[in-house]
Structure formats: structure tokens, C-alpha cells
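Residue-level listing of the chains:
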There are 2 protein chains.
Amino acid sequence: MPILPVAPVSRLIREAGAEGARDALAEVLESYGLEIAREAAGWAHHAKRKTVKSEDIREAVKRVKPPAFTER
Amino acid sequence: MPILPVAPVSRLIREAGAEGARDALAEVLESYGLEIAREAAGWAHHAKRKTVKSEDIREAVKRVKPPAFTER
């Protein structure tokens, strides 16, 4: 089961003028989001904080590569 | 108001072991998701389809750069 529910991603696609491929986009965002969250948690840990701050997200966004799309 | 609700992103952060920075990550994913959706819609249009397929998402993911993090 995906962590990111499909509904908001479906809304994203509608906003962009499209109608399908919801699951594919949801997976991409979930994978990318998890990578960023993990990397940001590492930065917080390195700074001896338990709270992840937006500065950790910033460092993570700089470093995490966008996900590869994997067909299933 | 963000298009992606904060709750699922907050869940993403929790899964990754962190506790904060929800809004920052939500914005990054919203921005990145919209870029991919727009690019994918363009690919569908080019193929004279109205339905965006996962192959359009795949082409979009290859091409869209990850978002720059902008502090507010």
C-alpha cells in the first residue's frame, strides 16, 4: 500500500491538465519524498537534533537525485 | 493553500524517522509533482492523446530537474 494516498496526487495531475497515470506519479513522489526525508533525518542526526528542520530538508533537496522511474 | 495536504507528507517524514519540517517537504513534493504532471501532459498532447499514461510520466521523470529549495 502506498504511503502517499492517490487522491492528492490525482488532484495534482488535474491541476496540470491531465487525467491519468495517477499511480505512476504517486509512486515517483513517494519514492522521492522518502529519500529526502531519510537524507534530512541524517542531517538532523549529524547536528545532534531529534527534530528535522527545514534547513535539513534544504540540504537533502540539494543532494538527493530524482527517482528513476521503474515500470512494473 | 498547498495542493498536497500536509498529513501524508507528515506520515512520510515519520516513516523516515523524523518529526518536523513537514511544510518544507510538502512544498518540495508539490512543486516537483506539478512539474512532472505538466511535462507529462505535454508528452500526452504531443502523442495526440488526452489521457496521460505512465509512459508520459516516465519521460517526464527523466527530464524534470528536482526542485530548488526556496526559503521563505
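Residues numbered from 1 in each chain as written. Chains lettered and ligands numbered in written order. Predicted model: local features only at pLDDT ≥ 70, side-chain atom pairs only at ≥ 80, totals over all residues. Heavy atoms only, no water.

Colleague: An account of the overall build of chain A is requested, with residue identities and associated values reported.
Modeller: The helix and strand tally for chain A stands at 3 helices and 0 strands. Secondary structure elements of chain A occur, N-terminal to C-terminal, as α-α-α. Per-residue burial for chain A yields a buried fraction of 49% across its 72 residues. Restricting to contacts in chain A with at least 6 residues of sequence separation, those with at least 24 account for 42%. A total of about 4100 Å² of accessible surface is found on chain A, and carbon and sulfur atoms cover 50% of it. (Helix = DSSP H or I, 4+ residues; strand = E, 2+ residues; numbered from the N terminus. Buried < 20%, exposed > 50% of the residue type's maximum accessible area, 1.4 Å probe, protein only. Contact = heavy atoms within 4.5 Å. Areas by Shrake-Rupley, 256 points an atom, 1.4 Å probe, with all protein chains shown as cover.)

Colleague: Outline the confidence of the model for chain A, listing residues and values.
Modeller: Residues at a pLDDT of 70 or more form 69% of chain A, whose mean pLDDT is 78. In the predicted assembly, ipTM is 0.73 and pTM is 0.75. (pLDDT = per-residue confidence, 0-100.)

Colleague: Pulling in residues and values, what's your account of the packing of aromatic side chains?
Modeller: One pass over the full model with this rule turns up 1 aromatic pair over all chains. A ring pair is formed by Y32 of chain A and Y32 of chain B, whose centres lie 4.5 Å apart and whose planes are at 45 degrees; its orientation type is tilted. Linking Y32 of chain A in helix α2 (residues 22-46) with Y32 of chain B in helix α2 (residues 22-46), this pair reaches from one chain into another. For the pair Y32 of chain A and Y32 of chain B, a shared accessibility class is recorded, and that class is buried. (Phe/Tyr/Trp six-rings, centres within 6.5 Å; stacked < 30°, edge-to-face > 60°.)

Colleague: Account for the side chain of R49 of chain B, naming residues and giving values.
Modeller: Residue and element names in this part refer to chain B. Structurally, R49 can be placed in the loop between α2 and α3 (54-63). Engagement of the side chain of R49 in a polar contact is seen with the backbone oxygen of T51, the distance being 3.0 Å. Setting aside residues no more than four positions away along its own chain, R49 makes contact with A44, E55 and D56. (Polar contact = N/O pair within 3.5 Å; in protein donor to acceptor, adjacent residues only side chain to side chain.)

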